[in-house]
Amino acid sequence: MPNSRLRALQLYPVKSLAGTAPGSADVEPWGLAGDRRWLVVDEQRRLVTQRSRPRLALAAAEAGPDGGIRLSAPGMTDLSVTVPDPGATVPVQVFRDKVEAVPASTAAADWFSTYLETEVTLVHMDDPAVRRPVRQDYGRPGDTVSFADAFPLLLTTVSSLDALNSLIAQGDHADEGPLPMDRFRPNVVVEGTAPWAEDDWRRVRIGEVTFRAVKPSDRCVVTTTDQRTAERGKEPLRTLARHRRIGDDLVFGQNLIPESRGTLRVGDPFEVLS
């Protein structure tokens, strides 16, 4: 794959909100610097995502140089949120994991509660080096992750999206396609590879950084949510169920764990090592 390269980067400072597309991003052991370090939780301190609140897709978070964020959403006044002072953490539930996190300001909680019309709180992961280990059946001792679903980075490929859209065009809900890549909320998008080749990758290099490819990404209802309108349809899950099922999982993309630090830049060469 001599012409394979990094097509795009995506960074999501707050889990389930719209993110940004930087030209470069630093890779830390737990993911892209600043990616998914913030999380919205409900009154029981359980994560709140687009799975239950699709309107989160219409809210956006832009990261600042000091780790703070600026929030925006339809009908809301923009709000700047600073990183909370290290101090007393609270346990939050992130899928199967109990994770210690630091509550953000009351203003941030009020902002999200007003927008979602339910009581929620914004929390920050203060030290991703110790807070949340990667699943033991896929990670190694010391591997950690932010508030991402399960792994530090998600990779998708342009060719696989093209192939998926071709399948959608042949199905019962062809009017929903073609789907854009933002449905899958990747961190890195690669072009110049064969469709679905990522299923079998084990180690890859993007620019100066190497990664372990540990597991094809199983997809949920968030992929059916139009990231520009928050409306839901049937695709791509209907087509993935017919053509892209591995066991009980409907898969698209590949999960990555960094083997080294470094900086990724759009246009970097991409190489499969094994």
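Above this text you will find the structure in question.
What counts as what
Residues numbered from 1 in each chain as written. Predicted model: local features only at pLDDT ≥ 70, side-chain atom pairs only at ≥ 80, totals over all residues. Heavy atoms only, no water. Salt bridge = Lys/Arg side-chain N within 4 Å of Asp/Glu carboxyl O. Buried < 20%, exposed > 50% of the residue type's maximum accessible area, 1.4 Å probe, protein only. 1 Å grid on protein atoms, 1.4 Å probe; cavity = no way out; pocket = protein on both sides within 12 Å on 5 of 7 lines; lining within 4 Å. Points joined across faces, edges and corners; volume = space filled by probe spheres on them. Helix = DSSP H or I, 4+ residues; strand = E, 2+ residues; numbered from the N terminus. Nonpolar A, V, L, I, M, F, W, Y, C, P; charged D, E, K, R; others polar. Contact = heavy atoms within 4.5 Å. Pairing = 2+ DSSP bridges. Axes fitted to C-alpha atoms, helices over the stretch in contact; angles between N-to-C directions.

A. Examining the pattern of salt bridges more closely. Following the criterion strictly, the structure yields 18 salt bridges and no others. Note that Arg131 is salt-bridged to Asp126, the shortest N-O span being 2.9 Å. Judged by relative accessible area, Arg131 falls into the partly exposed class, the value being 25%. What makes Asp126 partly exposed here is its relative accessible area of 29%. Two residues, Lys215 and Asp218, come together in a salt bridge whose shortest N-O distance is 2.9 Å.

B. Quick look at the layout of surface pockets. In this structure, the largest pocket spans a volume of roughly 700 Å³. Lining the largest pocket are 33 residues, with Arg51, Phe95, Ala148, Asp149 and Ala150 positioned closest to its centre. For the lining of the largest pocket, the secondary-structure elements that each account for two or more residues are β11 (153-157), β14 (209-218) and β16 (249-258). Looking at the lining of the largest pocket, the element that brings in the most residues is β14, giving three residues. Residue composition of the lining of the largest pocket, by class: 13 nonpolar, six polar and 14 charged.

C. The environment of Gly139, seen in detail. With respect to the helices and strands, the residue Gly139 is situated in the loop between β10 (121-124) and β11. Filtering out sequence-adjacent residues up to four positions away, Gly139 remains in contact with Val134, Arg212 and Ile257.

D. The arrangement of the sheet that holds strand β5 (residues 60-63) in detail. Taken in spatial order, the three strands make up an open sheet running β5-β6-β7, and their pairing is antiparallel. The sheet terminates laterally at β5 and β7 (79-81), the two strands that pair on one side only. Between one strand axis and the next, the sheet turns by 25° as a mean value, whatever way the strands run. In this structure, β5 lies alongside strand β6 (residues 69-72), joined through four bridges in antiparallel fashion. Residue pairing in the sheet places Ala63 in a bridge with Ile69 of β6.

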